[in-house]
Structure formats: structure tokens, C-alpha cells
Amino acid sequence: MNTAFLGMPSFPRNAEKALRDSQLRFNLRKATHTIRARRGAVVAELADWPELRAAGRAIKDDVLCNLDRYLLQAEEAVTRAGGKVHWASDAAEADRIVTDLVKATGETRVMKVKSMATQEIGLNEALEREGVTAYETDLAELIVQLGDDWPSHILVPAIHRNRSEIREIFLEHMAQWGRPAPDDLADDPRTLAEAARLHLRERFLSTNVGISGANFLIAETGTLVVLESEGNGRMCLTLPRTLISVVGIEKILPTWRDLEVFLQLLPRSSTGERMNPYTSMWTGATEGQEFHLVLLDNGRTTVLADEIGRQALRCIRCSACLNVCPVYERVGGHAYGSVYPGPIGAILTPQLRGMASELDASLPYASSLCGACYDVCPVAIDIPEVLVHMRSKAPHAPAERFGLGAAGWVLDRPVRLRGAQRVAGRLRGLVPKSHLPGPGAAWTATRDVPDVPAESFRDWWRRTQKGDERVGRPDHSESSEEVGGELA
Amino acid sequence: MSSREAILARIRSAVAGAPAVEVSRGYRPVRSEPGSADLFAERVRDYRAVVRAVPESEVAAAVAAALAERGVRRLVVPEELPGGWLDAVPAEVEPLRDEPPLTAAELDRADGVVTGCAVAIAETGTIVLDAGPGQGRRALTLVPDYHLCVVRADQIVPGVPEAVARLDPARPMTWISGPSATSDIELNRVEGVHGPRTLEVVIAL
Ligand code: SF4
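These numbers come from a predicted model, not from an experiment.

A short note on the overall build of chain B
Step number 1: Helix and strand counts for chain B stand at five helices and 12 strands.
Step number 2: Dimensions of chain B along its principal axes, counting C-alpha atoms only, are 70 × 40 × 40 Å.
Step number 3: Burial statistics for chain B: of 205 residues in total, 57% are counted as buried.
Step number 4: For chain B, long-range pairs separated by at least 24 residues make up 72% of all intrachain contacts whose partners lie at least 6 apart in sequence.
Step number 5: Taken as a whole, chain B presents about 8,200 Å² of accessible surface, with 51% of it coming from carbon and sulfur.
Step number 6: Between the centroid of the 22 positive side chains of chain B and the centroid of its 29 negative side chains there is a distance of 6 Å.

Dropping the structure here:
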């Protein structure tokens, strides 16, 4: 994964910073609510949405179960159609393959279509080290690149910038990268888009190497599929003499026919459109082009080995889960410290990178487990389930481990619980009113300490109900001790 | 061990014993009836593209009218465009043929391009080009700033599954739903970034 995120502080600290940025919160709220409403409207148009979603999920699960077979099939089909297939175990290998391919063309400039896979492997930086400049061509990526910034949303990477900020960035930085922005640049979206068009036009027509990712790779036919809006994707895929596509191994779909499901699920879930403006599909070397496909593992096979966690590999990067997430809406994408933000990032990043860093170990907690992400996910990834699973695997602080261990011991036997409650009742005067000391401080930073009652419910029940303890009790309970344990 | 072998081996051990998955396709199946030209026109208009629906015999007049309104002087014309479509175009419009192939710079200087299509989808307002007759290679409909597309009523299918069933994946394809657009600035939709900023459709009924 990208080294830029190494050493980043944990999610709570990033979030705290982001929450103080009221402009960011305003932009995020407006953006997420807009897409959310659009998605809802176009999803409601399809009466068979639940069935499409179930099929999408099953097709992807089938892909994961038979990934070796499908990859070989795709490799054969792409090769037959004149493409060359490369396999990369990790980011460094993928970077090296792409860099060598670019160098072999003799070019020092490449143009790119927005691709999360190439961000994940830090390709632009790797190319730069070898003297190759990578130009981002998606408007939002351009804003991010010119502003020397990081994407904060899967679909709208510059969601954290408003029009006047974008105008500033264009005025200040376009000249370093090519055609400068006009001095009298206004800040309405149409004018800004026009400036980007002019800035990139010359580059599109003269750059000989294009680099892309892909939304889908069809095993049966070797066909690659890229969905986009602006036409920069078509430029990068169509005009250069050499095209290199870096594709995660989980992007496979078994058959051509499967597109009938995914071309309905993806555009409606992501941009909230019936269909995105442009979708390009090509098989192998096309219209005289040289074509290279780099199949990327980079931790995906580790995710695949986890029976619960592997469902994250069904993800088609639609970003619907980001747009409904109450946590994402407030803190934005940067706090997640990864190219994969939001709920999907919270389960994918710690699986791909492991949970050795403070940041990665904190990601499974970046959620209230409300489940909105699961409801909208077009491939029905049970994100809350994976979050809880990851939490159980995350390293826990000694105080927390001790606390949970003690709680387990107490709750294990009703008699221990009763004893503990009586002790707590007697010592209640010693409990601080607002802030706990020591390791407990983290817990009370955002919560009040609950009042400890003088008498537990169990004792009160015993005292007031006397011998009549079986009133209203469910049948399955054996003894009064156990019922008391459950209720308390 | 090569990375290829290593990745395949890791996959095999990761999914060993995973149960096979049954894919059930309970969604709406492929329909055999034709797609509605009215719905197609309405959905294309939703993307703020101009649509003219005319009887087959008036296609040439509609094409000429559209080109005149736009002021097209240099028009890219792909191979095997049905002859009649350009019959009413006045002589001062210069046709640019892709034989020998036009350079990107030449395409950039053209005022527009006129094509047919392979399939059109009513439900989503989508036109699919597959580089077949009357469509040309992909760059022809990409670089010029104006794209006029003629869709025959019998090319319109109801939805996405019907289109997928009709198309040949071996061909390079472009699915077009409205003009190029971006919503990257504060989620405001702006039509026209890098692809043709104006898309017009003539439906031949
Ligand atoms: S997890 Fe689901 S909702 Fe989120 S981006 Fe992936 S596919 Fe979309």
C-alpha cells in the first residue's frame, strides 16, 4: 500500500481533526446527501433490484471460490486476443512491471484514468522515481494532483474541495503541469470544467502511453470494462499506442452475460444514474494498440483466506456505503488513511495491510455498526459482520484486555455477579462523577459515568417479590440465580 | 516459483473446502419485445441530449437540419455510413473520411461526427457503438466536440440484459449515455468535459 499513509495517526485522532473543519463537514454533507437521494430514486425504478443484488452477490462469491480457474481463463483469452498478461504478487512487483513497460516504450510521460488499484500500489510515485511523469486526467484526480493532496472519496475524490478552493488550485498550479489556467478564471463549475478540458486537451492528443484500472475483467472473453463520466477514460484507453491496465485479481466476472447484472447494479449504486455517460469495453490488443494486463494480488489472497473477511473482495467500488455512513459523512475520507475510505475501507484496509499500525488497528472501530452500508451495498457485503470480526482480531490495549477478561469471569457465574454488584453498590461513593482515571479516561472522554445504584435489580427483585419469584418468567429458566444473571 | 504460480497457489489454499456457489438469476429475464422508441427518447433527453424522432424517409433532412443548426463545416464520416443519411447535406460541408486514418489532430479540427450505432437501450437511454459499419473506430466519436448519432427503431431494446445478449464482446465497444459530464465540483453536473460536449440523436422510426 501507499507509503504516504505510513505512520499516520489512528482514526480517532484523524477524525477529531477533520471534525473541526466545518467547511469539510459542509461539503461532505451536501455531497453525500445529494448522491444518496439520487441513488434511492434510480434504485427504486427497478422492481427486481433485490434479485439483481442477490445475483451480484452470488456471481462474485462464485468468482472468489474459483478464482484460480477464472484467472487462467482470462489470461488465455487476453493472450489469444493479442494482449500480454503479467502477474504481480505485491505493490513493488506491480510498480516494477509497469515502470519497465513504460521505459521500454522510451516515453517519459504517461496519462492515467482514475484507478484505485494504481493508487493502492503508489504507482505515480514509483514512476516518478524512474523519471516518468504520470498525469491524472479525471477532473477530481486532477484537482487532487494539482493540490498535492489525497483523494477522499472513491467516486468523487475531491469531495472535500469547494469551487473557490478548486479555482485557487487551478490558478496556482496548472502552469507547473502544462497549460496554465486563464488569469480571469471564474469559480463556477462550468468554467472550471472548461479550464480542465483545455489544460488536458493537448496531453490527450500527444501522449503515447495510457495507464488504467478496470471495473471488470470477463474471464470467458478476456474483455476489460471501464465505467466513467468525463471521457478522459476513453481518451486514455483509445488514443495511446500502448495501454497498460492494472487490475486486482478480484475484478473478474465469469461470463459476458454477467454484465447484465453489474451494468445495472454499478451505475445506479455509484453515481445514482441509470447509466454512466461512458463505458468502454475492449478485448486484448485493440485497433492497433499494444496492450498489457497486470493482475494484482497485493494482499488479496490473504483476505481470501479469511472465511468471514473475504466477502470484502466482492466489492465493486461503487461508494454507496460511504454516502450513507454517518461516520464518513462527518469525518470524510482522509481520516481513514487509505485509498479505500468509508465502511469498505474500514474492513478492506486492515485486511490488506494487516493491523500492525495504530491506524490500521483502529479502522474496524470507525463505525457505529448501524448497518446502513450493508443495506445499500449492491453485492450485499455484510460490513458490520466483518467489522465485528476484525475487532476481535485487532490488538487490544492491556487495560482493555484485563477489563474484558474480568468481565468475562464475573459474568460467567451468577454468584460472582451478585457479589460484584453488592461490592459496587457499597463503594459507589468512590466512583468519580464525570471522568474515570487511568485507562478508563478514554471511555469517559465521550461518555458520562453511569450512576451505580445502591441496590442491584436482582436484590430489589428478591426483596420485593419474596417467595413469588416465578411470576412472568420465561419457561426456559431453571433457577432464579440464572434469570437474575441474564436481566442484570 | 513465479508470481503467477505463487498467486494461484495462495488462492487454492485460501479457498480449499469452500462450498460451491449456486448463482440464481431471479431478476427480470431477457424480453423479446422491441424497446420503446418513446421511452428511449425520453431517457436520452434526461441526459440533456437533443433528440429528433422522424420517419425513416426524413432521416436525411433531419441530419442536414441538425448539422446546419450546429454550423458543422468539417464532418467526420465513418466507412459504410448508410448512403442516404447524408443526401440532404449541402456541398459546403466537407466530409472527412478515415481512409487513410485521420490523425488525432485532424479529428480535433473537425466540427463533428455522424454515426449509426449497434444497439440502443430504452430503459437507460444508452447508445452502444461497436466499431461496426457506419460507426468507425472509437476515436472518431471521441475527439470531435459534436456527435450526431442515428438510431433505427429496430435497434432499440428494452433494457441492459437485451443489449448484452445482442452484442459481441470481441468487438471494441463504447456505451454512451448522454454527453460527457462531470459532477466533480460540488456535485454539480456539468455537461461536457473531454468527450463530445454535445450529443444529438436522430431516431428513424
Ligand atoms: S462495499 Fe458495497 S457499497 Fe461499499 S463500495 Fe463496495 S460494493 Fe459499494
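Notes on the overall build of chain A
Step number 1: Along chain A, the regular secondary structure elements total 24 helices and 10 strands.
Step number 2: Residues classed as buried in chain A amount to 58% of the 488 residues present.
Step number 3: Contacts in chain A between residues at least 24 apart in sequence constitute 74% of all its contacts with a sequence separation of at least 6.
Step number 4: As presented, chain A carries roughly 20,000 Å² of accessible surface, and 53% of it is formed by carbon and sulfur atoms.
Step number 5: When the 58 basic and 64 acidic side-chain charges of chain A are each reduced to a single mean position, those positions are 5 Å apart.

Side note on the interface of chain A and chain B
Step number 1: In this complex, chain A contributes 89 residues to the contact, which on the side of chain B involves 69 residues.
Step number 2: In total, chain A and chain B occlude about 6,800 Å² of area from one another, counting both sides; carbon and sulfur atoms represent 58% of this.
Step number 3: At the junction of chain A with chain B, the criterion picks out nine salt bridges.
Step number 4: In this structure, the salt-bridge partner of R4 of chain B is E75 of chain A, at a minimum N-O distance of 2.7 Å.
Step number 5: Seen at the junction of chain A and chain B, the total is 34 residue pairs in polar contact (both at pLDDT 80 or more).

Re the domain arrangement of chain A
Step number 1: Its domain assignment divides chain A into domain 1 (3-302) and domain 2 (399-464).
Step number 2: Distance from the C-alpha centre of domain 1 of chain A to the C-alpha centre of domain 2 of chain A: 51 Å.

A word on the packing of aromatic side chains
Residues and elements named next belong to chain A.
Step number 1: A complete count under the given rule lists seven aromatic pairs over all chains for this structure.
Step number 2: Among the aromatic residues, ring-to-ring pairing joins F457, W460 and W461 into one connected group.
Step number 3: Directly above the aromatic system of Y374 lies the positively charged group of R53, at a separation of 5.7 Å from the ring centroid.
Step number 4: Note that R234 overlies the ring of Y278, its terminal NZ or CZ placed 4.5 Å from the centroid.

What to know about the pattern of salt bridges
Pairs can form between side chains of opposite charge whenever their charged atoms are close.
Step number 1: Applying the stated rule across the entire model yields 40 salt bridges over all chains.
Step number 2: A salt bridge links R197 of chain B to E194 of chain A, with the nearest nitrogen and oxygen atoms 2.5 Å apart. Separated into two different chains, R197 of chain B in the loop between β11 (190-191) and β12 (198-204) and E194 of chain A in helix α10 (residues 189-206) make up a pair that spans both.
Step number 3: The class of E194 of chain A is partly exposed, set by a relative accessible area of 29%.
Step number 4: Residues R201 of chain A and D108 of chain B are paired through a salt bridge, measuring 3.1 Å at the closest nitrogen-oxygen approach. With one member in each of two chains, R201 of chain A in helix α10 and D108 of chain B in helix α4 (residues 104-109) form a pair that bridges those chains.
Step number 5: Taking relative accessible area as the criterion, R201 of chain A reaches 10% and is therefore assigned buried.
Step number 6: Taking the relative accessible area as the measure of exposure, D108 of chain B reaches 31% and is therefore partly exposed.
Step number 7: A network of salt bridges, in which partner residues are shared, links E45, R268 and R274 of chain A together with D46 of chain B.

Description of helix α8 (residues 139-146) of chain A
Step number 1: Within α8 of chain A, eight of the eight residues are buried, which leaves the element mostly enclosed by the surrounding structure.
Step number 2: What α8 of chain A keeps buried is the set L139, A140, E141, L142, I143, V144, Q145 and L146 of chain A.
Step number 3: Taken together, the buried residues of α8 of chain A touch α6 (116-120), α7 (123-129), β3 (133-136), α9 (163-177) and α10 of chain A together with β10 (181-182) of chain B.
Step number 4: Positive backbone phi, at 50 degrees, marks D148 of chain A, one or two positions downstream of α8 of chain A.

Considering the side chain of R197 of chain A
Step number 1: The residue R197 of chain A is located in helix α10 in this model.
Step number 2: Of the polar contacts made by the side chain of R197 of chain A, one reaches the side chain of D145 of chain B; its length is 3.2 Å.
Step number 3: Among residues more than four places away in sequence, those in contact with R197 of chain A are D145, V193, H194, G195 and R197 of chain B.

Some words on the confidence of the model for chain B
Step number 1: Confidence in the prediction of chain B, expressed as mean pLDDT, is 94, and 100% of residues score 70 or more.
Step number 2: ipTM for the predicted complex: 0.96, alongside a pTM of 0.87.

So, the sheet that holds strand β5 (residues 119-121) of chain B
Where strands meet in a sheet, backbone hydrogen bonds hold them as pairs that are either parallel or antiparallel.
Step number 1: If you trace the eight strands from one edge of the open sheet to the other, you get β8(A)-β5(A)-β6(A)-β9(A)-β9(B)-β6(B)-β5(B)-β8(B), paired in mixed fashion. Each having just a single partner strand, β8 (252-253) of chain A together with β8 (156-157) of chain B make up the two edges of the open sheet.
Step number 2: Sheet analysis places strand β6 (residues 126-129) of chain B next to strand β9 (residues 173-176) of chain B, joined by three bridges and oriented antiparallel. Looking at β9 of chain B, one finds that L129 of chain B is bridged to T174 of chain B.

Observations regarding the side chain of K60 of chain A
Residues and elements named next belong to chain A.
Step number 1: Residue placement: K60 occurs in helix α3 (residues 49-65).
Step number 2: Look at K60: it is buried, it has no salt bridge, and the nearest opposite charge is E250 at 7.0 Å.
Step number 3: A distance of 2.8 Å separates the side chain of K60 from the backbone oxygen of E250, its partner in a polar contact.
Step number 4: Those residues in contact with K60 that lie beyond four places of it in its chain are E250, K251, I252, L253, F262, R314, I316 and V379.

Observations regarding the UniProt feature "domain: LUD" (unreviewed entry) in chain B
Step number 1: In the numbering used here, UniProt assigns the "domain: LUD" (unreviewed entry) feature to residues 105-203 of chain B.
Step number 2: Secondary structure over residues 105-203 of chain B splits into 12% helix and 34% strand, and the C-alpha atoms at its two ends are 31 Å apart.

Quick look at the site of the ligand
Residues and elements named next belong to chain A.
Step number 1: Close to the ligand lie C315, I316, R317, C318, S319, C321, I344, C377, P378, V379, I381 and I383.
Step number 2: Judged by its atoms lying within 2 Å of the grid points, the ligand is housed in the largest cavity.
Step number 3: Among the residues forming the shell around the ligand, the class breakdown is 10 nonpolar, one polar and one charged.

Things to note about empty space enclosed by the protein
The gaps of empty space that remain are located by a probe, the size of a water molecule, rolled over the atoms.
Step number 1: According to the stated counting rule, one finds six cavities of 30 Å³ or more in the structure shown.
Step number 2: Of the volumes computed, that of the largest cavity is approximately 100 Å³.
Step number 3: Split by residue class, the lining of the largest cavity holds 12 nonpolar, one polar and one charged.

Calculation criteria
- Residues numbered from 1 in each chain as written.
- Chains lettered and ligands numbered in written order.
- Predicted model: local features only at pLDDT ≥ 70, side-chain atom pairs only at ≥ 80, totals over all residues.
- Heavy atoms only, no water.
- Helix = DSSP H or I, 4+ residues; strand = E, 2+ residues; numbered from the N terminus.
- Buried < 20%, exposed > 50% of the residue type's maximum accessible area, 1.4 Å probe, protein only.
- Contact = heavy atoms within 4.5 Å.
- Areas by Shrake-Rupley, 256 points an atom, 1.4 Å probe, with all protein chains shown as cover.
- Lys, Arg positive; Asp, Glu negative; His and termini not counted.
- Charge placed at Lys NZ, Arg CZ, Asp CG, Glu CD.
- Buried area = accessible area lost by both parts, 1.4 Å probe.
- Salt bridge = Lys/Arg side-chain N within 4 Å of Asp/Glu carboxyl O.
- Polar contact = N/O pair within 3.5 Å; in protein donor to acceptor, adjacent residues only side chain to side chain.
- Domains from an automatic or database assignment.
- Phe/Tyr/Trp six-rings, centres within 6.5 Å; stacked < 30°, edge-to-face > 60°.
- Lys NZ or Arg CZ within 6 Å of the ring centre and 35° of its normal.
- pLDDT = per-residue confidence, 0-100.
- Pairing = 2+ DSSP bridges.
- UniProt positions renumbered as here; feature names shortened; annotations may be inferred.
- Near = heavy atom within 4 Å.
- 1 Å grid on protein atoms, 1.4 Å probe; cavity = no way out; pocket = protein on both sides within 12 Å on 5 of 7 lines; lining within 4 Å.
- Sits in = over half its atoms within 2 Å of the grid points.
- Nonpolar A, V, L, I, M, F, W, Y, C, P; charged D, E, K, R; others polar.
- Points joined across faces, edges and corners; volume = space filled by probe spheres on them.

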